[in-house]
Each structure stands twice: as structure tokens, then as C-alpha cells.
Amino acid sequence: MQPVYWTTQTIANLPLETSWLSPEEQTTLSSLRFPKRRNDWLLGRWTAKYLLRLVVETCKNCSPSAITIQRTESGAPAVLLNNLPVPGTLTLSHREELGCAAWISDPSLRIGIDLEAIETKPRSFISDYFTPAEIQLVQSLTPAQFPLAASLLWSAKEAVLKALGVGLSIDTRQVEIHCPSFSIPDDWQPLIITQCPLESSTEQALWWRTIKGELVTLAILGDEAKMLSIEYRTSMDLD
Ligand SMILES: CC(C)(COP(=O)(O)OP(=O)(O)OC[C@H]1O[C@@H](n2cnc3c(N)ncnc32)[C@H](O)[C@@H]1OP(=O)(O)O)[C@@H](O)C(=O)NCCC(=O)NCCS
């Protein structure tokens, strides 16, 4: 069984020029007006291509400009190599100076990754977007635990919504998350999806950890999702 591969890149890793983009991506870039959106978009694509060239056999020796990270109708990314689809699922997230991407080659599984800062959220945000059980959970914690708990549950919802391919097009209260412990882990720790719409698979796995002080959540949907290992990949592993 193939693992879920993931990686991170920072804005400092981003090349200054854009020759690594495919012609289709160059066109998309020229339509992005706002510097923040351009930077986020570039960092997401750079991180995704960095990962694909490390873990996908057909992408290993190819030029990054031969790969296109296409935005599908839902907003979810799809991978093309020389304009042909690469089977598997890519998911990505970008936040400030950090990008992360994950890839799974098994087409029967779907994944979603999300990066989130640990920061306090307004009470109105919690009441609008969290389920009664999630509200009860965050309210039962000490004020010091609140930013982590609120950010983690929110990030986990976004990861599940990405794995479902719907993003924020559905009510976030349709997905419900439970977290057994709010101590920051050194490695991936499980979360529990207590409610998940649109999902018929027998298994759903949800993990969290931190990287460079940011929260990362990873949702895996599909049979045998709980059996999968999660492997970090960087070019240093190849040395
Ligand atoms: C998907 C969503 C949960 C993203 O969360 P976020 O915290 O805002 O942003 P992140 O950096 O974590 O993730 C963004 C990435 O999620 C991916 N994504 C977007 N919609 C997705 C979907 N329906 N399913 C899976 N992944 C999706 C994209 O790869 C996107 O990056 P890109 O636009 O640079 O290609 C949410 O923003 C959403 O539903 N967006 C849809 C609306 C939209 O696309 N607006 C336009 C943005 S300019």
C-alpha cells in the first residue's frame, strides 16, 4: 500500500523567476492581480511540483514546467504531465510564508491538507461554523487552550472539506470533529471525524501535528484509510 507523501516549502524556496510554470500556469498567473494571491498561488504550485518530482515516478526526471497544477471547477487541484492527467490525488495549502502539499497515488483514496495558524477565533465564528458538540468541546477548555482548540477544529474541517472536494461550498457544520487531547504533539496524532456528509467509504482518517509553529491537518477518506502511513519527503532524503 502506497503511503501519503507530504512536504513543505517556504517562500524562501520559491525561485525568483517563473520559468518553472507551464504555459497554462503562466496565463493564469498573469490574471492574478493581488500580490498576496500571486504569492500564495505560486508557493502552492511550487510546493506541489517539488513533491511530485520527488514521489511520482513519471514526474521524477521531468522539467517542472512540464507539470501543470490545474484548478478544477470545484477549486480542487488536478495534476497534468505534458497535458495528460496523472492518476492520484494532490492537495495543497498555503499560509503566509509556508506551503504544504500531499499526494496519494491510489485513486480510490481522497486526501485533504490544511495549514492554520494557532490563533484565537471570535466567539461569533465558533457559533456560526461549529456544531453544538464542537462548541461544547471548546467551551469546556481553559482560556489558554481555546486558540489551539478552535484553530485545530477549524483546520480539520477544512482538510475534510478538501478531501471531499467541496471546500467551503457546503455548511461547515455538516462536518463534525472531535479531538481527544489538545497537547501539541511531536508527530501525527489522530482526530476523530464524528460526522461526515457525502461520504460512503467505510473508513476515514484524520491527523494533526505542527510544523514551523503552524497547525497541519490531513484527512484521508476511503477504504483502508486508517492503515496508511504518512511520509515526509524532501530532496535531502535523496542525498
Ligand atoms: C478550499 C478552501 C477550504 C481553502 O481553504 P483556505 O484555508 O482558504 O486556503 P488553503 O491555502 O488552505 O487552500 C487553498 C487550496 O485549496 C485547494 N482547493 C480549493 N477548492 C478546493 C476544493 N473544492 N476541494 C479541494 N481542494 C480545494 C486549492 O488547491 C487551493 O489552492 P489554489 O487556489 O492556490 O490552487 C476554501 O477556501 C474554499 O472552499 N474555497 C473555494 C472558494 C474559492 O476557491 N475562492 C477563490 C479563492 S481566490
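Everything numeric here is computed off the predicted structure, so don't read it as measured data.

What the 5 strands build is an open sheet, ordered β7-β11-β10-β9-β8; its pairing is antiparallel. The sheet is open, and its two edges are formed by β7 (110-116) and β8 (176-178), each paired on a single side. The average angle at which neighbouring strand axes cross in this sheet is 30 degrees, direction not considered. Here 3 bridges tie β8 to strand β9 (residues 189-195), and the two strands are oriented antiparallel to one another. Across the sheet, residue H178 finds its bridge partner in β9, namely I192.

So, on to the pairing of strand β6 (residues 98-104). Counted residue by residue, β6 has 7 buried out of 7 residues, so it is predominantly covered. Of the two faces of β6, both are covered, the one formed by L98, C100, A102 and I104 as well as the one formed by G99, A101 and W103. One ladder, built from 6 bridges, connects strand β1 (residues 4-10) with β6; its direction is antiparallel. Note on β6: the bridge partner recorded for W6 is A102. Relative to β6, strand β5 (residues 89-95) runs antiparallel, the two sharing 7 bridges. Bridge pairing links T91 to A102 in β6.

Conventions adopted
Residues numbered from 1 in each chain as written. Predicted model: local features only at pLDDT ≥ 70, side-chain atom pairs only at ≥ 80, totals over all residues. Heavy atoms only, no water. Pairing = 2+ DSSP bridges. Helix = DSSP H or I, 4+ residues; strand = E, 2+ residues; numbered from the N terminus. Axes fitted to C-alpha atoms, helices over the stretch in contact; angles between N-to-C directions. Buried < 20%, exposed > 50% of the residue type's maximum accessible area, 1.4 Å probe, protein only.

So yeah, pure geometry; function would need other evidence.
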